[in-house]
Amino acid sequence: MQGMQGLRRDMIPAAKPVIGDEEIDAAVRVLRSGQVVQGPEVAAFEEEFGALVEGRTCVAVNSGTSALHLALLALGIGRGDEVVVPSFSFAATANAVRLAGAEPVFAEIDADTFCLDPDAVADAIGPRTAALMPVHLYGHPAPMGGLTRLAQRHGLAVVEDACQAHGAALHGRPVGTFGEAACFSFYPTKNMHALEGGIVTVPDEGHARTLRLLRNQGMEQRYANEIVGANMRMTDVAAAIGRVQLARLEGWTEQRRRNASVLDSGLRGLTVPPVADGARHVYHQYTVRVPGGAAVREAVQEELRTLGVGSAVYYPTPIHRLRPYEDLGVHLPVSDRASEEVLSLPVHPGLTPDDLAHIVAAAGEALRVAGAAGAVGGRERGEVVPS
Ligand SMILES: *Cc1c(COP(=O)(O)O)cnc(C)c1O
């Protein structure tokens, strides 16, 4: 790709949260209404979000982490229990388990989809295991068929971490409908946001009621506290913004999927993200593998930056190597390797056709400059496109 260095352009950001006039108008409307916490906007948001999860009951909270934490508490998971989680995820997945008083047990992922490998999960299940917590990482659904069968065989709960996967599905069934509970995040960089926020989806009213108590000091009637609860309520400003975003989510998701397919067919010399049979990938991240290790990846990122293309690494350190968890001493080579190779390129719905063409060209140039392209070929799985 000759002459790219001469090309000056604005940086294409790795993510681009939308805070437009509609979001601002919605926030102002709530502020002027005076009903700002756990009010009508929150109720409407919970009702409307139900459409994404086949009408399951939704309980809104103040973050995805709170959603995971309260989901575990509502299911009675805590001290003495183990929860099987992937190490290749955001730390919140394991943190929620520890916050609930339980212990995370890290299991290996599938090298293609980056989601939990059911065989590895089977090996991780022991006498104290109470739940499985699959993560639909990058917007790709985890293998819920195999995981649900395991959970049923061993009498375990399933809590889906769907924080990156609004609208993803497996064989037509949406994520958020497989587990005893599922959790979504509305942090600004997610596929839709509410500034901050989260939702737990549950199939039954009993757990929904417990979740509503837990998020609000254990109260249904004011000052008649029934259980020990936290304050993890969502504000109506957040919910109003979330409603605006939810109305646009499907259009944005289709745009992400179209963007991903342009990148899939254009990129050379990288392993583009494989999609499992029957999976609807919603591309929270478009994550490739850069062969050659973390130093080569760093050089690729540096060159991309020079060419005006933002990129990001999710996650440079698998959770089992972070300080709170390193003493567990687990050995997870597939997760380690993913952490050294993954690179997320822009895929957000704000990209223009011009941006996408530029990302493809810049990626080719960055691989050439970093000397990474020649390293491809050792890996036959996935859609490895030789340069
Ligand atoms: C974002 C995220 C969370 C936590 O959500 P917050 O709203 O940031 O608390 C949990 N798990 C995964 C996989 C995430 O990406």
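As the structure is a computational prediction, the values presented were derived from the model and not from experiment.

1. Topic: the sheet that holds strand 2 (residues 82–86)
- The seven strands lie next to each other as 1-9-8-5-4-2-3, forming an open sheet whose pairing is mixed. Lying at the two open borders of the sheet, with one neighbouring strand each, are strand 1 (57–61) and strand 3 (103–107). In this sheet, adjacent strand axes meet at a mean angle of 30° when their direction is disregarded.
- Examined bridge by bridge, strand 5 (residues 157–161) and strand 8 (residues 181–185) share three bridges and lie parallel to one another.

2. Brief notes about the site of the ligand
- Gly64, Thr65, Gln164, Ser185 and Lys190 are the nearest of the 15 residues found near the ligand.
- For the ligand, an oxygen atom lies 2.8 Å from a polar atom in the backbone of Gly64.
- Lys190 has a polar side-chain atom sitting 2.6 Å from an oxygen atom of the ligand.
- Protein chains shield 93% of the accessible area of the ligand, which is 380 Å² for the free molecule.
- A molecule is said to occupy a pocket when more than half its atoms come within 2 Å of that pocket's grid points, and by this definition the ligand occupies the largest pocket.
- Broken down by element, the residue count for the shell around the ligand peaks at three residues, all from helix 3 (residues 64–74).
- Along the lines of polarity and charge, the residues of the shell around the ligand split into five nonpolar, eight polar and two charged.

3. Side note on the domain arrangement of the protein
- Taken domain by domain, the protein holds domain 1 (21–244) and domain 2 (249–384).
- Tallying the contact residues gives 39 residues for domain 1 and 38 residues for domain 2.
- Of the roughly 3300 Å² buried at the junction of domain 1 and domain 2 (both faces included), carbon and sulfur atoms supply 59%.
- Where domain 1 packs against domain 2, one counts zero salt bridges.
- At the boundary of domain 1 with domain 2, the tally comes to 20 residue pairs in polar contact (both at pLDDT 80 or more).

4. Describing the pattern of salt bridges
- Inspection of every chain in the model, using the stated rule, returns 17 salt bridges.
- For the salt bridge of Glu205 with Arg212, the shortest nitrogen-to-oxygen distance reads 3.4 Å.
- Taking relative accessible area as the criterion, Arg212 reaches 29% and is therefore assigned partly exposed.
- Counted as one network, the salt bridges with shared partners bring together Arg29, Glu41, Glu48 and Arg243.

5. Side note on the layout of surface pockets
- One number sums up the size of the largest pocket: a volume of about 360 Å³.
- Along the wall of the largest pocket there are 25 residues; nearest its centre are Phe90, Ser185, Tyr187, Lys190 and Tyr315.
- Broken down by secondary-structure element, the contributors of at least two residues to the lining of the largest pocket are helix 3 and helix 4 (92–99).
- In terms of residues, the lining of the largest pocket owes the most to one element, helix 3, which gives three residues.
- Mapped onto the domain boundaries, the lining of the largest pocket takes at least three residues apiece from domain 1 (21–244) and domain 2 (249–384).
- Contributing to the lining of the second largest pocket are 21 residues, with Lys16, Pro17, Arg256, His348 and Pro349 lying nearest its centre.
- When grouped by side-chain class, the residues that make up the lining of the second largest pocket number 10 nonpolar, eight polar and three charged.
- For the lining of the second largest pocket, the domains that each give at least three residues are domain 1 (21–244) and domain 2 (249–384).

The rules behind these values
Residues numbered from 1 in each chain as written. Predicted model: local features only at pLDDT ≥ 70, side-chain atom pairs only at ≥ 80, totals over all residues. Heavy atoms only, no water. Pairing = 2+ DSSP bridges. Helix = DSSP H or I, 4+ residues; strand = E, 2+ residues; numbered from the N terminus. Axes fitted to C-alpha atoms, helices over the stretch in contact; angles between N-to-C directions. Near = heavy atom within 4 Å. Polar contact = N/O pair within 3.5 Å; in protein donor to acceptor, adjacent residues only side chain to side chain. Areas by Shrake-Rupley, 256 points an atom, 1.4 Å probe, with all protein chains shown as cover. 1 Å grid on protein atoms, 1.4 Å probe; cavity = no way out; pocket = protein on both sides within 12 Å on 5 of 7 lines; lining within 4 Å. Sits in = over half its atoms within 2 Å of the grid points. Nonpolar A, V, L, I, M, F, W, Y, C, P; charged D, E, K, R; others polar. Domains from an automatic or database assignment. Contact = heavy atoms within 4.5 Å. Buried area = accessible area lost by both parts, 1.4 Å probe. Salt bridge = Lys/Arg side-chain N within 4 Å of Asp/Glu carboxyl O. Buried < 20%, exposed > 50% of the residue type's maximum accessible area, 1.4 Å probe, protein only. Points joined across faces, edges and corners; volume = space filled by probe spheres on them.

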